[in-house]
Amino acid sequence: MAVVTRAGPVDIEPLASSSGNMDSADGANPDPASSIESIASVIPLYEPDLSGNERRYVLECLESSWISSNGGFIPRFEQALAGAINAAHAIAVSNGTVALHLALHALGIGPGDEVIVPSFTYIASVNVIAQVGATPIFVDSSLDDWVMRADQVEKKISPRTKAIMAVHLYGAMCDMTALCALAARHGLAVIEDCAEALGCTFAGRHAGTFGTVGAFSFYGNKTVTTGEGGMVVTSDPNLADRIRLLKGQGQSLTRRYWHEILGFNYRMTNICAAIGLAQMERLASILNRKRAIAALYRQELRDAPVTFQGRSRDTVSAEWLVTALLPSDVDRDEIALAMERDGIETRPAFHCAHHMPMYATGDSLPGAEEISRRGICLPSYPQLTERMVTRVCLSLRNAIEQARRGGGASPTNPRRRFD
Ligand SMILES: Cc1ncc(COP(=O)(O)O)c(C=O)c1O
């Protein structure tokens, strides 16, 4: 996943409600051209907000010496997450990738099985399928909201299909009513990759609570972070028990050093859980802030030649990472480079998994390919001020204008930074 880079401390100021006011904080109206140059600090893509009880709880771990995976913060963090999303069982693990891996493994998915997964996703969603020995079957993503569609998934179902991996990307959600109905008709498991979806709801229900099992990530750039960390959620008590067993070397939950099944060490540390609990205490305010930032981006760029990720009517987005499609006549790398010169970090949308050497299938997935080619992620962390968002938008507009005036690299220009 992208590295969380750091800038100097940022001042927190309230976002303006809806005026789209681009004035500076002191009320002066800055000259747009000079304002970029006059602000020296770098705006990173993401920076976690650790301003709550994180430090206090971590110190508690250190002072009590409960630094491994048996401390009291782990069940507290699990309960906090389960309570926030209304899940019956939540099991803390060491990262989001192993959460997905455990889910597939616990469901008995393995060699000879197929799992349908969007090609446009972070590679972990696909790797875990290969890691259990199953075959990822790639499905296209909708150009509207950039996630998989049940009718497209249905076309990929074969007698070997065992599961659908529904990936909720950038804070949007798949249509879980349609996907769960499809899965039920064909007797398939549904694994929800909710790494980017903490705070998302579909028809009032939280991501991760529709499928057979859901998996969250708490990497440093996620809505809630533990540094590295993950959580598996399920409503099935037997599956929850099996996942608990598997994550701790298969050791019996009642008899020490008695290993009932072949397991893994996928445990979360008490220190990570301490950070996670402190983060969960501020989940609502983090989400509010991120939603306000996303709304401001959309407002300020409403007449710019970019297309934001669409939302289905039933979805409330967590606005994890504000991402937009650039116009097709500009080179994304050139835009990113220009913004980097303005001190603004961006990130390209994911490459399609079916283009990666180990998964190259020769498939044509036009929606996924277009989002992947044109998508750019913008700074989206809670401490961003209104001024910073304005600065990002200005830089993006300028970069597009310059690229269109013809200074720039063609899509095949060797200056590409991200290949
Ligand atoms: C969609 C998606 N799936 C899975 C993961 C894997 O999570 P982790 O990095 O915690 O292993 C990530 C992110 O980081 C992700 O964005």
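Keep in mind the model is a prediction, meaning the values are calculated, not measured. (Residues numbered from 1 in each chain as written. Predicted model: local features only at pLDDT ≥ 70, side-chain atom pairs only at ≥ 80, totals over all residues.)

## Considering the overall build of the protein
And step 1. Helix and strand counts for the protein come out as 13 helices and 14 strands.
And step 2. Of the contacts formed within the protein by residues at least 6 apart in sequence, a portion of 74% connects residues at least 24 apart. (Helix = DSSP H or I, 4+ residues; strand = E, 2+ residues; numbered from the N terminus. Contact = placed C-beta atoms within 7 Å.)

## Concerning the nonpolar core
And step 1. If you look at the biggest cluster of nonpolar residues, it comprises 131 residues, and the most contacted ones within it are Ala103, Val190 and Val232.
And step 2. Taken domain by domain, the makeup of this core includes at least three residues from each of domain 1 (32-47 + 284-407) and domain 2 (54-281).
And step 3. For Val232, the contacting residues outside a window of four places in its chain are Ile91, Val93, Ala99, Leu102, Ala103, Val213, Ala215 and Ile243. (Core = buried A, V, L, I, M, F, W, Y, C linked by C-beta atoms within 7 Å. Buried ≥ 20, exposed ≤ 12 C-beta atoms within 10 Å, placed from the backbone. Domains from an automatic or database assignment.)

## What about the sheet that holds strand E9 (residues 230-234)?
Across a sheet, strands are paired by hydrogen bonds formed along the backbone, either parallel or antiparallel in direction.
And step 1. If you trace the 7 strands from one edge of the open sheet to the other, you get E1-E9-E8-E5-E4-E2-E3, paired in mixed fashion. Both outer strands of the open sheet, strand E1 (89-93) and strand E3 (135-139), are each paired with one neighbouring strand and no more. Strand after strand, the sheet turns through a mean of 25° between neighbouring axes, direction not considered.
And step 2. By the bridge criterion, 5 bridges tie E1 to E9 in an arrangement that is antiparallel. Within the sheet, the bridge partner assigned to Ala90 lies in E9 and is Val233.
And step 3. Seen against the sheet, helix H4 (residues 96-106) touches E1, strand E5 (189-193), strand E8 (213-217) and E9 and runs at an angle of roughly 165° to E8. (Pairing = 2+ DSSP bridges. Axes fitted to C-alpha atoms, helices over the stretch in contact; angles between N-to-C directions.)

## Description of the pairing of E5
And step 1. With respect to burial, E5 is a largely interior element, 5 of its 5 residues being buried.
And step 2. Alternating positions in E5 separate into two faces, Ala189, Ile191 and Asp193 on one and Val190 and Glu192 on the other, with burial throughout.
And step 3. In terms of strand pairing, strand E4 (residues 161-167) meets E5 through 5 bridges, oriented parallel. If you follow Val167 over to E5, its bridge partner there is Asp193.
And step 4. Running through helix H7 (residues 176-186), the crossover from E4 to the neighbouring parallel element E5 is right-handed.
And step 5. The pairing of E5 with E8 spans 3 bridges and is parallel. The residue bridging Glu192 from the neighbouring strand is Gly214, located in E8. (Right-handed = clockwise from strand over helix to strand, strands pointing away.)

## Examining the sheet that holds strand E12 (residues 323-325)
And step 1. Across the sheet, which stays open at both edges, the 4 strands sit in the order E10-E12-E14-E13 with antiparallel pairing between neighbours. Only two strands of the sheet have a single neighbouring strand rather than two, namely strand E10 (307-308) and strand E13 (347-348).
And step 2. In the sheet, E10 pairs with E12 via 2 bridges, with the strands oriented antiparallel. The residue of E12 that forms the bridge with Phe308 is Ala324.

## Focus: the confidence of the model for the protein
And step 1. Residues with a pLDDT of 70 or more make up 87% of the protein, whose mean pLDDT is 89.
And step 2. Predicted confidence for residues 1-38 stays below pLDDT 50, and this span has 52 contacts to residues more than four positions away or in other chains.
And step 3. Taken as a whole, residues 409-419 scores under 50 in pLDDT and shows 14 contacts with residues more than four places along the chain or in a different chain. (pLDDT = per-residue confidence, 0-100.)

## Some words on the site of the ligand
And step 1. Near the ligand lie 15 residues; those nearest to it are Gly96, Thr97, Tyr122, Ala195 and Ser217.
And step 2. Listed by contribution, the elements that provide at least two residues to the shell around the ligand are H4 and helix H5 (124-131).
And step 3. Split by residue class, the shell around the ligand holds 6 nonpolar, 7 polar and 2 charged. (Near = placed C-beta within 6 Å. Nonpolar A, V, L, I, M, F, W, Y, C, P; charged D, E, K, R; others polar.)

## Here we look at H7
Working note: α-helix, 3.6 residues per turn, so residues spaced by three or four point in the same direction.
And step 1. Listed as buried for H7 are Met176, Leu179, Cys180 and Ala183. Along H7, the residues classed as buried sweep out an arc of 95° about the axis, all on the same side. Along H7, the residues that are exposed and aim more than 90 degrees away from the buried face are Ala181 and Arg185.
And step 2. Structurally, H7 contributes buried residues whose contacts are with helix H6 (150-155), E4, E5 and strand E6 (201-202).
And step 3. In the segment just after H7, Gly187 is the residue with positive phi, at about 65°. (Arc of directions from axis to C-beta.)

## Points about the pairing of E3
One face of the sheet, then the other: side chains in a regular strand alternate in exactly this way.
And step 1. Most of E3 is tucked away: 4 of the 5 residues are buried.
And step 2. Direction of pairing for strand E2 (residues 114-118) relative to E3: parallel, over a ladder of 5 bridges. The residue bridging Pro118 from the neighbouring strand is Val139, located in E3.
And step 3. Regarding the hand of the β-α-β motif, the stretch spanning E2, H5 and E3 is right-handed.

## Focus on the packing of helix H3 (residues 73-85) against helix H9 (residues 270-281)
Any two packed helices are characterised by how steeply their axes cross, that is the angle between the axes, and by the distance between the axes.
And step 1. Here H3 crosses H9 at 35°, and the two axes come no closer than 8 Å. At the point where H3 passes H9, the crossing takes the left-handed sense. Where H3 abuts H9, its residues Phe73, Ile74, Arg76, Phe77, Ala80, Leu81 and Ala84 lie against Asn270, Ala273, Ala274, Gly276, Leu277 and Met280.
And step 2. The class makeup of the residues in the contact of H3 with H9 is 10 nonpolar, 2 polar and 1 charged. (Left-handed = near helix turned anticlockwise from the far one by under 90°.)

## A few points about H3
And step 1. Look at H3: 18 Å from first C-alpha to last across 13 residues, which is about the 18 Å you get at 1.5 Å a residue.
And step 2. Buried within H3 we find Phe73, Ile74, Phe77, Glu78, Ala80, Leu81 and Ile85. Burial along H3 is one-sided: seen end-on, the buried residues are contained in an arc of 160°.
And step 3. Elements that come into contact with the buried residues of H3 comprise helix H2 (54-64), E1, strand E7 (205-206), E9 and H9.
And step 4. Phi turns positive one or two residues past the end of H3, at Asn86, with a value near 65°. (Expected span 1.5 Å × (residues − 1).)

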